[in-house]
Amino acid sequence: MSVITRTVTRVVFPLILLTALALLFQGHNLPGGGFIAGVLTVAAFALVYIVNGLDYLQEDLLGRTGDDVEGGPAIVADFLNVFAGGLAIAAGGGVVAILLGQPFLSQAVLFVHDLPIFHELELASAFVFDLGVYLVVVGGLLTILTVVGDE
């Protein structure tokens with residue numbers, strides 16, 4: 001790849017991740033949410049993977065070293081853990097509602113007032129589910145990308 005491609009990737013990667021986080025945090029009120037934020041995050045990592053290769057993504061960007069395992073590169077185990085953690089968080093958000101005597105995945109909202117910069121912050125329980133979906137999408141798609149790309 002050319003120097004221009006690598007430079008553009010270095011500049012665009014954090015902007016894509018920032019956009020993904022914005023979509024994740026606004027998802028319970030506006031268009032966005034865990035799924036599209038996860039897809040956008042994976043697109044950012046796919047760009048780095050295509051331009052710089054799997055070794056750069058695994059060792060330099062994510063700090064994972066180790067030999068390949070039977071199922072593919074060593075980083076796949078980490079991606080599967082992200083997937084499993086996201087599934088647990090998403091399901092846990094629904095189970096907590098049941099434990100509180102509410103229907104599965106019921107939503108509650110808490111408003112925090114008089115904050116220095118934001119003035120008011122809305123904390124919604126739907127964010128827990130969105131976060132779980134985000135992690136499931138990121139873990140699942142990065143696993144697929146890495147295993148297929150390694151072949």
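Residues numbered from 1 in each chain as written. Predicted model: local features only at pLDDT ≥ 70, side-chain atom pairs only at ≥ 80, totals over all residues. Heavy atoms only, no water.

Visitor: Honestly, the UniProt feature "transmembrane region" (unreviewed entry) in the protein chain in this entry has me stumped. Any pointers?
Guide: In the numbering used here, UniProt assigns the feature "transmembrane region" (unreviewed entry) to residues 7-27, 33-54, 75-104 and 124-148. Taken end to end, residues 75-104 has its terminal C-alpha atoms 34 Å apart, with 83% of it in helix and 0% in strand. (UniProt positions renumbered as here; feature names shortened; annotations may be inferred. Helix = DSSP H or I, 4+ residues; strand = E, 2+ residues; numbered from the N terminus.)

Visitor: What is the right way to look at the pairing of strand E2 (residues 119-124) in this model?
Guide: Within a regular strand, side chains alternate between the sheet's two faces. Examined bridge by bridge, strand E1 (residues 109-115) and E2 share 6 bridges and lie antiparallel to one another. Pairing of Val112 across the sheet is with Leu121, part of E2. (Pairing = 2+ DSSP bridges.)

Visitor: Honestly, the packing of helix H2 (residues 34-52) against helix H5 (residues 126-150) in this entry has me stumped. Any pointers?
Guide: For any two helices packed against each other, the geometry comes down to the angle between their axes and how far apart the axes lie. Put simply, H2 and H5 touch, their axes get as near as 8 Å, and they point 30° apart. With respect to H5, the axis of H2 lies roughly parallel. When you trace H2 past H5, the crossing you get is right-handed. Across from Gly34, Phe35, Ala37, Gly38, Val39, Thr41, Val42, Phe45, Ala46 and Tyr49 in H2, the residues of H5 making contact are Asp130, Val133, Tyr134, Val137, Val138, Leu141, Leu142, Leu145, Gly149 and Asp150. Broken down by class, the residue content of the contact of H2 with H5 amounts to 14 nonpolar, 4 polar and 2 charged. (Axes fitted to C-alpha atoms, helices over the stretch in contact; angles between N-to-C directions. Parallel < 35°, antiparallel > 145°, perpendicular 65-115°, else oblique. Left-handed = near helix turned anticlockwise from the far one by under 90°. Contact = heavy atoms within 4.5 Å. Nonpolar A, V, L, I, M, F, W, Y, C, P; charged D, E, K, R; others polar.)

Visitor: Would you take a moment to explain the packing of aromatic side chains for this structure?
Guide: One pair of aromatic rings is described through two measures. These are the centre distance and the angle between the planes. A complete count under the given rule lists 2 aromatic pairs for this structure. Taking the centre distance of 5.3 Å and the plane angle of 15° together, the rings of Phe25 and Phe127 count as stacked. Of the two residues, Phe25 sits in helix H1 (residues 3-26) while Phe127 sits in helix H5, which places them 102 residues apart along the sequence. Looking at Phe127, the relative accessible area reads 22%, which means it is partly exposed. (Phe/Tyr/Trp six-rings, centres within 6.5 Å; stacked < 30°, edge-to-face > 60°. Buried < 20%, exposed > 50% of the residue type's maximum accessible area, 1.4 Å probe, protein only.)

Visitor: Which parts of the structure should I look at to understand unusual backbone geometry?
Guide: Among all residues except glycine, the phi angle is most often negative; among peptide bonds, the trans geometry is most common. In this structure, Leu105 takes a positive phi of about 60° despite not being glycine. Mapped onto the secondary structure, Leu105 falls in the loop between helix H4 (75-99) and E1. According to the relative accessible area criterion, Leu105 is partly exposed, its value standing at 38%. Phi is positive for Asp114, close to 60°, though the residue is something other than glycine. Among the structural elements, Asp114 can be located in strand E1.

Visitor: Hey, could you run me through H2 in this one?
Guide: Structural remark: α-helix, 3.6 residues per turn; residues separated by three or four positions point the same way. The end-to-end C-alpha distance of H2 is 27 Å, a good match for the 27 Å that 19 residues give at a rise of 1.5 Å each. When we look at burial in H2, the residues that qualify are Gly34, Ala37, Gly38, Thr41, Val42, Ala44, Phe45, Ala46, Val48, Tyr49 and Val51. Taken together, the buried residues of H2 touch H1, helix H3 (54-61) and H5. In the segment just after H2, Gly53 is the residue with positive phi, at about 95°. (Expected span 1.5 Å × (residues − 1).)

Visitor: I would appreciate a short explanation of the side chain of Thr9 in the present structure.
Guide: Looking at where Thr9 falls in the secondary structure, it is placed in helix H1. Polar contacts involving the side chain of Thr9 include one to the main-chain carbonyl oxygen of Thr5, which spans 2.8 Å. Beyond its immediate stretch of four places on either side in the chain, Thr9 contacts Leu47, Val48, Val51 and Asn52. (Polar contact = N/O pair within 3.5 Å; in protein donor to acceptor, adjacent residues only side chain to side chain.)

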